[in-house]
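# What the coordinates show
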Amino acid sequence: MTFPLPPNATIGIVGGGQLGRMSALAAARLGYRCHILTPEPDSPAGQVAAGVTLGDYEDPEVLRAFAARVDVITFEFENVSAAGLDLLASLKPVRPSPAVLRLSQDRVAEKTFLNAAGVPTAPWRAVDSLDALHAAAAALGLPAILKTTRLGYDGKGQALLRAEAELAPAFADLAPHPLVLESFVDFACEVSVVVARGADGALAAFDTVQNSHRDHILDTTLAPAPIPPETAAAAQAMARHVAEALELVGLLAVEMFVTADGRVLVNEIAPRPHNSGHWTIDACPASQFELHVRAVAGLPLPPATRHSDAVMKNLVGPEETALWPAILATPGLIPHLYGKAEARPGRKMGHVTRLFPPGALPGPFGIADALGPLAPAGND
Ligand code: AMP
């Protein structure tokens, strides 16, 4: 198969979640089929794809069967083992490259890479023993956040350490080692940038957005971020620089902290579509999912322009999912549901977007009003 992929070619997506679902919907509009690799029967992505290989991400036979059905492979889920990635890459082109996926799987590798590329992060230390943790806490000061190096998401695998006595229990609780100790950033806000890079090196970055979390899970995204233009521009420049330094082919989300004095620090990167880019489906001519598919397929990248301001609110768990009928009955709310059968607490079930004319994104009270039944309660 040659690039650009011709219409009707098949894009293999590792992972069956909502990011794969929305990528597959965008791919279908461009005339591609998607084939999903997932262990989950009736997955959100599998429901809307041309085909599914059901099986374990680590089983070589499953990976071979998947690769045989597709023309190019991409990911909506990064945690495939190095051996699995190598096997896939020996069979079909993998975009983004296995090297980029490996970096994003490992906080130590990721932060080492970012700092070497001149990208600032919170001060951090890798710790592989309790002694090393004590030394790191002495060097960085408390409070600090202890994080697992691998397999962390939505705040899982993290502990906030406020006092010396909390070090030993947290070290024993979190696994596997080594862990990463990071200075606690007393941030003014959290922002992110989703950037696509094509095989020809062309870059397209969506506007800097502001994210609010609840219980460590993304709750609301405001596009554009209501921050000074120079801070938004610094975040843009950083995300573009990271995509170039990675020689990325695909899509990358860069999550950042903005400090009270306006500095921008990278928290983490994810080489795939990102929850903080869901607003682009409704507010942009070409969404993050279309840019993902275009980069993976070797198509030209359109500019990541925005025709509207937007607020995106996640629908998490049974309580917010119960508001679905009210959401559907509220004019102006653009509903998205992911096809998950069971609304467990903390599970992302869908999201809604509300659009505003450019420049008319309201302040916090207006946002609450605009979300109607989903008005955030005491959003910080
Ligand atoms: P992470 O799993 O690294 O994306 O962290 C999840 C969330 O925890 C972030 O979005 C922040 O809200 C918070 N957090 C993570 N690291 C830090 C830090 N060093 N300082 C302050 N808050 C943090």
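Residues numbered from 1 in each chain as written. Predicted model: local features only at pLDDT ≥ 70, side-chain atom pairs only at ≥ 80, totals over all residues. Heavy atoms only, no water.

### A look at the domain arrangement of the chain
Just so we agree on the cut-off: As annotated, the domain borders come from an automatic or database domain assignment.
Each assigned domain of the chain is listed with its residue range as follows: domain 1 (10-94), domain 2 (123-183) and domain 3 (187-370). Placing the centre of domain 1 and that of domain 2 at their C-alpha centroids yields a distance of 34 Å.

### Focus on unusual backbone geometry
For clarity, the threshold we go by: Secondary structure elements follow DSSP: runs of H or I no shorter than four residues count as helices, runs of E no shorter than two count as strands, and numbering proceeds from the N terminus.
Of the consecutive residues R95 and P96, the connecting peptide bond is found in the cis state with omega at -5°. Relative to the helices and strands, P96 resides in the loop between α3 (82-91) and α4 (98-105). With an omega of 0°, the peptide bond between L142 and P143 qualifies as cis. For P143, the location among the structural elements is in the loop between α6 (130-140) and β6 (144-148). Of note, the phi angle at D215 is positive, near 50°, even though the residue is not glycine.

### A look at the side chain of E182
What counts here: Only protein chains enter the accessibility calculation, which uses a 1.4 Å probe; a residue is then buried when its area is under 20% of its type maximum, exposed when over 50%, and partly exposed in between. Within 3.5 Å is the distance limit for a polar contact, defined as a pair of N or O atoms, with the added protein rule that one can donate a hydrogen and the other accept it, and that residues adjacent in sequence qualify only through two side-chain atoms.
Take E182: it is sitting in strand β8 (residues 179-183). The exposure class assigned to E182 is buried, which follows from its relative accessible area of 2%. Reaching out from E182, the side chain makes a polar contact with the side chain of K147 at a distance of 3.0 Å.

### Concerning the sheet that holds strand β1 (residues 10-14)
Defined as follows: We treat two strands as partners when DSSP finds at least two bridges between them. A fitted line through C-alpha atoms serves as each axis, taken over the contacting stretch for helices, and the angle formed by two N-to-C directions is quoted from 0 to 180°. Throughout, a residue-residue contact means that at least one pair of heavy atoms, one from each residue, lies within 4.5 Å.
Spatially, β3-β2-β1-β4 is the arrangement adopted by the 4 strands of the open sheet, whose pairing is parallel. Bordering the open sheet on either side are β3 (51-54) and β4 (72-75), each of which pairs with just one other strand. The average undirected angle you get between the axes of adjacent strands in this sheet is 25°. Here 4 bridges tie strand β2 (residues 33-38) to β3, and the two strands are oriented parallel to one another. Across the sheet, residue T38 finds its bridge partner in β3, namely L54. Against the sheet, helix α1 (residues 18-29) engages β1 and β2, with an angle of about 170° to β1.

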